[in-house]
Amino acid sequence: MVQIPARVLTIAGSDSGGGAGIQADLKTMLALGVHGMSVVAAVTAQNSLGVQGYWELPAEAVAAQFRSVVDDIGVQAVKTGMLASPVLVETVAGLLAPLRAPVVVDPVSVSKHGDPLLAEEALDAVRTKLLPTATVVTPNLFEVRQLTGVEVRGPQDMRAAAEAVLAYGPSWVLVKGGHLEGEAADLLFDGTREHWFRSERYDNRHTHGTGCTLASAIASHLALGRDVPRAVAAAKDYVTGAIRQGFPLGAGIGPVDHGW
Ligand code: PLP
């Protein structure tokens, strides 16, 4: 019998350099054995040195891509990444609200190089419209501070940060502690169940696309039927391997590697 793979949709930005965004999402999905599909929300001109420019798509182009995919092929999980503007955040939130499939929201706002990927005026729509649609939201510590005002100075502050994000309505939050000094730990929390994920640190600066890869790996494992804690654990394993293999490309920060 023909096996039909689980289908996962990314709604995000294109990275012309192939390291992050939609390109990282599709590579992750391929590596994890699901069928990857994409709604392009924005196009970046980007390489290992940073984001040289970006252009968002019209809201109707985003909605039309979504309808084409969902109405015919169907989705078992969705991941959102770079959504650029308040209009696109609201459009995507409106499309996701009635969807029954799990949604992983990567609330990306700034690249590793410090280039903006989301207009400041869009933060309110992220908080009040997008986060309530999320099965899991995956902020790093900068995004936690931007969204909630909570400053995480050490692991002792992570629980308060998670509670502040949960107040906006996602089912689970994964607070990524990777930017803390010393041992890095991520906290997955749903208001009652607390899971800590600790991983080895690798001395590798080629980590472009890490956040996109983690969120799309979580979505892929949810589509494969895992519950949220197991999907996050499996996604962490995947991204840890991808970081370990990250390689130099161009003159700046190279991408994580999906090809093993
Ligand atoms: N470019 C796009 C289109 C993205 O979606 C993202 C992250 O979500 C980035 C760049 C940032 O990647 P990084 O911060 O890993 O360099």
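Residues numbered from 1 in each chain as written. Predicted model: local features only at pLDDT ≥ 70, side-chain atom pairs only at ≥ 80, totals over all residues.

The name an unreviewed UniProt entry assigns to the protein chain is Bifunctional hydroxymethylpyrimidine kinase/phosphomethylpyrimidine kinase, from the organism Yinghuangia aomiensis. Turning to the protein chain, the UniProt annotation filed under Function (unreviewed entry) states: "Catalyzes the phosphorylation of hydroxymethylpyrimidine phosphate (HMP-P) to HMP-PP, and of HMP to HMP-P." (UniProt positions renumbered as here; feature names shortened; annotations may be inferred.)

S.K.: Go over the packing of helix α1 (residues 21–31) against helix α7 (residues 210–223) with me, naming the residues and quoting the values.
M.R.: Where α1 meets α7, the closest approach of the two axes is 9 Å, and the angle between their N-to-C directions is 40°. Here α1 lies oblique to α7, going by the angle between them. Handedness of the α1/α7 crossing: right-handed. Contacts between α1 and α7 involve Gly 21, Ala 24, Asp 25, Thr 28 and Met 29 from the former and Cys 212, Thr 213, Ser 216, Ala 217 and Ser 220 from the latter. Classifying every residue of the contact of α1 with α7 gives four nonpolar, five polar and one charged. (Axes fitted to C-alpha atoms, helices over the stretch in contact; angles between N-to-C directions. Helix = DSSP H or I, 4+ residues; strand = E, 2+ residues; numbered from the N terminus. Parallel < 35°, antiparallel > 145°, perpendicular 65-115°, else oblique. Left-handed = near helix turned anticlockwise from the far one by under 90°. Contact = placed C-beta atoms within 7 Å. Nonpolar A, V, L, I, M, F, W, Y, C, P; charged D, E, K, R; others polar.)

S.K.: An account of the UniProt feature "domain: Pyridoxamine kinase/Phosphomethylpyrimidine kinase" (unreviewed entry) in the protein chain is requested, with residue identities and associated values reported.
M.R.: In the numbering adopted here, UniProt assigns the feature "domain: Pyridoxamine kinase/Phosphomethylpyrimidine kinase" (unreviewed entry) to residues 15–257. For residues 15–257, helix accounts for 38% and strand for 19%, while the C-alpha atoms at its two ends are 15 Å apart.

S.K.: Could you give an account of unusual backbone geometry, with specific residues and numbers?
M.R.: Where the residue is not glycine, phi is negative for most of them; where a peptide bond is considered, it is trans in most cases. Residues other than glycine seldom take positive phi values, yet Ala 84 does so here, at roughly 70°. Looking at where Ala 84 falls in the secondary structure, it is placed in the loop between β4 (77–80) and α3 (86–96).

S.K.: Break down the nonpolar core for me, with residues and values.
M.R.: In terms of nonpolar packing, the biggest core is built from 75 residues, with Ala 41, Met 82, Val 89, Val 92, Ile 218 and Ala 219 touching the most fellow members. Not counting residues within four places of it along the chain, the set of residues in contact with Val 89 comprises Leu 83, Ala 122, Ala 125, Val 126, Lys 129 and Leu 130. (Core = buried A, V, L, I, M, F, W, Y, C linked by C-beta atoms within 7 Å. Buried ≥ 20, exposed ≤ 12 C-beta atoms within 10 Å, placed from the backbone.)

S.K.: Requested: an account of the site of the ligand, with residues and values cited.
M.R.: Neighbouring residues of the ligand: 19 residues in total, closest Gly 13, Ala 20, Gly 21, Val 108 and Lys 112. Of all elements in the fold, only β1 (7–15), β2 (35–47) and α7 reach the threshold of two or more residues within the shell around the ligand. Looking at the shell around the ligand residue by residue, the class counts come to six nonpolar, 10 polar and three charged. (Near = placed C-beta within 6 Å.)

S.K.: Would you mind going over the sheet that holds β1 in detail, with residue names and values included?
M.R.: Strands belonging to one sheet form pairs held by backbone hydrogen bonds; the direction of such a pair is parallel or antiparallel. Strand order in the open sheet formed by nine strands is β3-β2-β1-β4-β5-β6-β7-β8-β9, and the pairing between neighbours is mixed. Both outer strands of the open sheet, β3 (50–56) and β9 (194–198), are each paired with one neighbouring strand and no more. In this sheet, β2 lies alongside β1 in parallel orientation, the contact comprising nine bridges. Considered in β2, the bridge of Ile 11 is made with Val 39. Running over the sheet, helix α2 (residues 59–73) touches β1 and β2 and is turned about 160° from β2. Contacts between helix α8 (residues 228–244) and the sheet are confined to β6 (136–137), β7 (172–176), β8 (185–189) and β9, with β9 contributing the most and set at about 10° to the helix. (Pairing = 2+ DSSP bridges.)

S.K.: Can you tell me about the environment of Val 87, naming the residues and giving the values?
M.R.: You can see Val 87 is positioned in helix α3. For Val 87, a count of 17 C-beta atoms within 10 Å translates into the label partly exposed. Note: C-alpha distance between Val 87 and Asp 203 (116 residues apart in sequence) is 39 Å.

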